Amino acid sequence: MKVRKAVIPVAGLGTRFLPATKAIPKEMLTIVDRPTIQYIVEEVVASGIDQIIFVTSEGKSAIENHFDYDFHLDAVLKEKNKKSLGKELDMISNLIDIVSVRQKKPLGLGHAIWTARHVVGNEPFMVLLGDDLVLGDTPCARQMLDMFDTLQDPIVAVQRVPRDQTFQYGIVEGEENEGGRTHKVKRLVEKPAPGTTDSDMAIIGRYILTPDVFDFLGTTTPGHGGEIQLTDALLALKNSRYMYAYEFEGTRYDAGDKLGYLKAILAYGLRHEKLGKDLAAHIKELAGEI
Ligand code: UTP
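Described below are features of the structure shown in this document. (Residues numbered from 1 in each chain as written. Predicted model: local features only at pLDDT ≥ 70, side-chain atom pairs only at ≥ 80, totals over all residues. Heavy atoms only, no water.)

### As for the overall build of the chain
Next up, step 1: Looking only at helices and strands, one finds 11 helices and 13 strands in the chain.
Next up, step 2: For 290 residues, the compact-globule formula gives about 19 Å, and the C-alpha radius of gyration of the chain, at 20 Å, lands near that figure.
Next up, step 3: Once the C-alpha set of the chain is aligned to its principal axes, its extents read approximately 60 × 50 × 40 Å.
Next up, step 4: Out of the 290 residues belonging to the chain, those deemed buried represent 48%.
Next up, step 5: For the chain, restricting intrachain contacts to residue pairs at least 6 apart in sequence, the fraction spanning at least 24 positions comes to 76%. (Helix = DSSP H or I, 4+ residues; strand = E, 2+ residues; numbered from the N terminus. Rg over C-alpha atoms; globule rule 2.2 N^0.38 Å. Buried < 20%, exposed > 50% of the residue type's maximum accessible area, 1.4 Å probe, protein only. Contact = heavy atoms within 4.5 Å.)

What follows is the structure in structure tokens.
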């Protein structure tokens, strides 16, 4: 089966980034010249997916507006003869078909995905977290879709993290599959206490899931932090079929975290066609002062 839909949960409170996120969704914070969420939507588009389902909440309408057509702004730009700006905004509003569903309470990532079940229907789908960026030559989603074409089972994207940081992540214990980058999942644990796992494979914000995950999400009780955890439902799903962990090619940035956000700005800025060279020169200058 082909993956045609991507769910992007953006209903979280963003408490790690307060006070910046009091009135602005963290997904709308700018990385160089566009909001974080636009990079994620562009990754989905570049990977060949047809439809995006945003899981939103109160106070997140700026995200939907960003991808909408703004009749008034378009008229003003035409009047002022700002054609290339108008074209760019037009491109953003025509990127892909977007549907929104509302998560009424921030009950956790698992609950956010469950909220999208009626729009996803009975087909495999991709999940991309709205604050997780992956920078690389081939979009991370595309890499995973290529794996799914062969495997036809759920896939979670993972990265190796220092062992003293595993308690901050969902951790996968697995066995190596052919090729080295793919692992058959043996066990999953959300934010394991230090010393309780030998694995350093942390789940990041990219998943390909099959619709049977909704059965498990619907019955998952609140876990770590009192939230309905996706990892708990994934563990139940893994017990009923094969599941794979995939070590993607690229670098992941947690743009919902202050330091992760700063690192993302530097990485994307350095790769920017027009700004990269000057930014690199400025970083060297600053480094000389430290
Ligand atoms: P985070 O763990 O980053 O949570 O969620 P958060 O609440 O947004 O941020 P902090 O930790 O308070 O700073 C990972 C992803 O899941 C979404 C978030 O929007 C983010 O994309 N999410 C989380 C929901 O959509 N609903 C929830 O109830 C929780």
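We are not done yet, so read on.
### Brief notes about the nonpolar core
Next up, step 1: Counting 45 residues, the largest nonpolar core has Ile8, Ile37, Val41, Met126 and Leu133 as the members making the most contacts within it.
Next up, step 2: When residues of this core are assigned to their parent elements, the largest contribution, six residues, is made by helix 7 (residues 140-151). (Core = buried A, V, L, I, M, F, W, Y, C linked by side-chain atoms within 4.5 Å.)

### Let's talk about the site of the ligand
Next up, step 1: Taken together, 19 residues lie near the ligand, and Thr15, Arg16, Lys26, Gln103 and Gly108 sit nearest.
Next up, step 2: With respect to the ligand, the backbone of Leu13 contributes an N or O atom lying 3.1 Å from an oxygen atom.
Next up, step 3: Relative to its unbound accessible area of 560 Å², the ligand is 84% covered by the protein chains.
Next up, step 4: For the shell around the ligand, the residue count by class is nine nonpolar, six polar and four charged. (Near = heavy atom within 4 Å. Polar contact = N/O pair within 3.5 Å; in protein donor to acceptor, adjacent residues only side chain to side chain. Areas by Shrake-Rupley, 256 points an atom, 1.4 Å probe, with all protein chains shown as cover. Nonpolar A, V, L, I, M, F, W, Y, C, P; charged D, E, K, R; others polar.)

### Digging into the packing of aromatic side chains
Next up, step 1: In total, this model carries six aromatic pairs according to the counting rule given.
Next up, step 2: Judged by centre distance (5.2 Å) and plane angle (85°), the rings of Phe17 and Tyr261 are edge-to-face. Note that Phe17 is positioned in the loop between strand 1 (5-9) and strand 2 (30-31) and Tyr261 in helix 10 (residues 258-270), a separation of 244 residues in sequence. Across the pair, exposure class does not vary: Phe17 and Tyr261 are buried alike. (Phe/Tyr/Trp six-rings, centres within 6.5 Å; stacked < 30°, edge-to-face > 60°.)

### Structural notes on helix 10
Next up, step 1: In this model, helix 10 (13 residues) spans 19 Å end to end at C-alpha, consistent with the 18 Å of a helix rising 1.5 Å per residue.
Next up, step 2: Among the residues of helix 10, Gly260, Tyr261, Ala264, Ala267, Tyr268 and Gly269 are the ones counted as buried.
Next up, step 3: Against the buried residues of helix 10 lie strand 2, helix 1 (36-46), strand 7 (132-135), strand 13 (251-254) and helix 11 (276-289).
Next up, step 4: The opening residue of helix 10, the one whose side-chain oxygen lies 3.3 Å from the backbone nitrogen of Leu259, is Asp257. (Expected span 1.5 Å × (residues − 1).)

### Some thoughts on unusual backbone geometry
Next up, step 1: With omega at 5°, the peptide bond leading from Leu18 into Pro19 counts as cis.
Next up, step 2: Locating Pro19 in the fold gives a position in the loop between strand 1 and strand 2.
Next up, step 3: Of note, the phi angle at Asn81 is positive, near 60°, even though the residue is not glycine.
Next up, step 4: You can see Asn81 is positioned in the loop between helix 3 (71-79) and helix 4 (83-93).
Next up, step 5: Judged by its relative accessible area of 55%, Asn81 is exposed.

### Here's the deal with the pattern of salt bridges
Next up, step 1: Within this structure, the stated rule accounts for 23 salt bridges.
Next up, step 2: Here Lys78 makes a salt bridge to Asp74, at a shortest N to O gap of 3.1 Å. Within this pair, Lys78 and its partner Asp74 are both found in helix 3, separated by four residues, close to a single helical turn.
Next up, step 3: Accessibility expressed as a relative area gives 62% for Lys78, which makes it exposed.
Next up, step 4: You can call Asp74 buried: its relative accessible area is 13%.
Next up, step 5: The residue Arg181 makes a salt bridge to Glu249 at a minimum N-O spacing of 3.8 Å. A residue pair is termed long-range when its members are at least 10 positions apart, and Arg181 in the loop between strand 9 (170-176) and strand 10 (182-190) and Glu249 in the loop between strand 12 (244-247) and strand 13 qualify at 68 residues. (Salt bridge = Lys/Arg side-chain N within 4 Å of Asp/Glu carboxyl O.)

### A short note on the packing of helix 10 against helix 11
Helices that pack against each other are described as a pair by the angle of their axes relative to one another and the distance between those axes.
Next up, step 1: Interaxial distance between helix 10 and helix 11 falls to 7 Å at its minimum, and their mutual angle equals 130°. As judged from the angle between their axes, helix 10 and helix 11 are oblique. On helix 11, the residues touching Leu266, Gly269 and Leu270 of helix 10 are Gly276, Leu279, Ala280 and Ile283.
Next up, step 2: Split by residue class, the contact of helix 10 with helix 11 holds five nonpolar, two polar and no charged. (Axes fitted to C-alpha atoms, helices over the stretch in contact; angles between N-to-C directions. Parallel < 35°, antiparallel > 145°, perpendicular 65-115°, else oblique.)

### A short note on the pairing of strand 1
Next up, step 1: In terms of burial, strand 1 is a largely internal element, five of the five residues being buried.
Next up, step 2: Neither face of strand 1 is left uncovered, since the one carrying Lys5, Val7 and Pro9 and the one carrying Ala6 and Ile8 both have all their residues buried.
Next up, step 3: Of the strand pairs in this sheet, strand 1 and strand 6 (residues 125-128) are connected by three bridges, and their pairing is parallel. What sits directly across from Ala6, in strand 6, is Met126. (Pairing = 2+ DSSP bridges.)

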